[in-house]
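Results of the structural survey
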Amino acid sequence: MRRILVTGRAGQLATGLEASLPAQGFEALLVGRPEFELDKPETVIAAFHALKPDAVVNCAAWTAVDAAEDNEAGAFRANALGPALLGRLTQDAGIPLIQISTDYVFDGLKGTPYLESDLPNPLGAYGRTKLAGEWAAQAANPRCIVLRTAWVFAPMGKNFLRTMLALGEQRPELRVVADQWGSPTAAPDLADAITSILARISANGWRDDVAGTYHATGGGFTTWYSFAEAIFDLHAKHGGPRPKVHAITTADYPTKAKRPADGRLDNGKLARVFGVVLPPWEAGLARVMAALRQA
């Protein structure tokens, strides 16, 4: 297994895989718009048959959480019908599919970190369509691994880290939600984890008992407020501005889509089956901030 098709070329995770996969001897085949669009099945089929991959990592998705509330059909086409098509194509080719999903499949009411066996209950359109994508991919291809992750950030793209840094340059004070819990996940760390999974499959061959759903987030838990404080503390050590951050509640910052208040995920299964453990989120933050400084 050498040729890995990675969808969502311009995204944070695909960019991370572009660097991580070759380091482990894989060839990264990145595809994206306009020649590959999940909303246009003919482009997906053409790209797949032209590239003839040995495995697929589907990072492409509708990720605009609030916009999905106004266009659930569009989100469904990308997040559910797209994975269904990739599932059929990979099944016909006899190759594995890694489908990226989200903590938004849960309602955040459990009170402890979610296990893969916990019953999903998405609160909004985005979570519903991503859950449908999990089911569609797994139904189409038994050689499917679903990776649920959360709070992804990277040196590029649109994410919380880059938003905070941009606002910190403009404002002396910021207000950030402090009653939502989760695990910030550095895209380069998640990319390394996916590469390790593929390396394990490549070395041992596919085994049916590794198929299924896994949680894969940065180690440890925090809130958006504490994440922002950590960002600015680290930024200030290297001469960046240090705005004052005020803790607010979710009710103080209403959004169209309801977010899970406690989306913490338990990553134990990933460690047991594949021996893969993502670094603590603080280490991921340091890695991404260092990459930003170098850029």
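Notes on the structure follow.

About the criteria used
Residues numbered from 1 in each chain as written. Predicted model: local features only at pLDDT ≥ 70, side-chain atom pairs only at ≥ 80, totals over all residues. Heavy atoms only, no water. Buried < 20%, exposed > 50% of the residue type's maximum accessible area, 1.4 Å probe, protein only. Helix = DSSP H or I, 4+ residues; strand = E, 2+ residues; numbered from the N terminus. Pairing = 2+ DSSP bridges. Right-handed = clockwise from strand over helix to strand, strands pointing away. Core = buried A, V, L, I, M, F, W, Y, C linked by side-chain atoms within 4.5 Å. Axes fitted to C-alpha atoms, helices over the stretch in contact; angles between N-to-C directions. Contact = heavy atoms within 4.5 Å. Expected span 1.5 Å × (residues − 1). Arc of directions from axis to C-beta. Phe/Tyr/Trp six-rings, centres within 6.5 Å; stacked < 30°, edge-to-face > 60°. Lys NZ or Arg CZ within 6 Å of the ring centre and 35° of its normal. Salt bridge = Lys/Arg side-chain N within 4 Å of Asp/Glu carboxyl O.

1. Observations regarding the pairing of strand β1 (residues 3-7)
- Among the 5 residues in β1, 4 count as buried, and that is most of the element.
- Pairing between β1 and strand β2 (residues 27-31): 5 bridges, direction parallel. Within β2, the residue paired with I4 across the bridge is A28.
- Remark: the β1/helix α1 (residues 12-23)/β2 crossover connection has right-handed handedness.
- Direction of pairing for β1 relative to strand β3 (residues 55-58): parallel, over a ladder of 3 bridges. Its bridge partner being in β3, L5 is matched across the sheet by V56.

2. So, the nonpolar core
- In terms of nonpolar packing, the biggest core is built from 30 residues, with L147 and I194 touching the most fellow members.
- Of all the elements in the fold, those that place two or more residues in this core are β1, α1, β3, β4 (97-102), β5 (144-149), α7 (187-204) and α9 (268-274).
- Within the second largest apolar cluster, 22 residues are counted, among which are A150, F160, L174 and A186.

3. Section: the sheet that holds β2
- Pairing in this open sheet of 6 strands is parallel, and the strands run β2-β1-β3-β4-β5-β10 from one edge to the other. Looking at which strands have only one partner, the edges of the open sheet turn out to be β2 and β10 (212-215). Sheet twist, expressed as the average angle between the axes of neighbouring strands with direction ignored, equals 20°.
- Both β4 and β5 contribute to a ladder of 6 bridges, which runs parallel. Its bridge partner lying in β5, L97 is registered against C144.
- Its contacts with the sheet place helix α4 (residues 72-93) against β1, β3 and β4, and it is angled at close to 160° to β4.
- Those strands touched by helix α5 (residues 125-140) are β4, β5 and β10, and its axis lies near 160° from that of β4.

4. Overview of α7
- Look at α7: 26 Å from first C-alpha to last across 18 residues, which is about the 26 Å you get at 1.5 Å a residue.
- Those residues of α7 that sit buried are A187, P188, D189, L190, A191, A193, I194, T195, I197, L198 and I201.
- G205, located one to two residues past α7, shows a positive phi value of around 80°.

5. Brief notes about helix α2 (residues 41-51)
- Looking only at α2, the buried set comprises T43, V44, A47 and F48. Looking straight down α2, one finds its buried side chains confined to an arc of 125°; they lie on one side. Along α2, exposed side chains directed more than 90 degrees from the buried face belong to E42 and A50.
- Each element contacted by the buried residues of α2 is listed here: β1, β3 and α4.
- Positive phi shows up at K52, right after α2, with a value of about 50°.

6. Considerations on the packing of aromatic side chains
- Tallied over the full model, the rule gives 9 aromatic pairs.
- Judged by centre distance (4.7 Å) and plane angle (45°), the ring pair of F160 and W224 falls under tilted. Taken together, the positions of F160 in helix α6 (residues 160-170) and W224 in helix α8 (residues 224-237) put the pair 64 residues apart, joining distant regions of the chain.
- The class for F160 is buried, based on a relative accessible area of 19%.
- The buried category is assigned to W224, whose relative accessible area is 15%.
- Of the aromatic side chains, those joined through ring pairs into one cluster are W151, F153, F160, W224, F227 and W281.
- In this structure, R264 packs its charged tip against the face of F221, placed 5.4 Å from the ring centre.

7. Quick notes on the pattern of salt bridges
- Evaluation of the coordinates by the stated rule reveals 17 salt bridges.
- Note that D39 and R77 form a salt bridge whose closest N and O atoms lie 2.7 Å from each other. Of the two residues, D39 sits in the loop between β2 and α2 while R77 sits in helix α4, which places them 38 residues apart along the sequence.
- Given the relative accessible area of 35%, R77 is considered partly exposed.
- Between K110 and D118 there is a salt bridge; the shortest N-O distance is 2.6 Å.
- Looking at K110, the relative accessible area reads 35%, which means it is partly exposed.
- Several salt bridges share partner residues, and in doing so they unite R2, R3 and E27 into one network.

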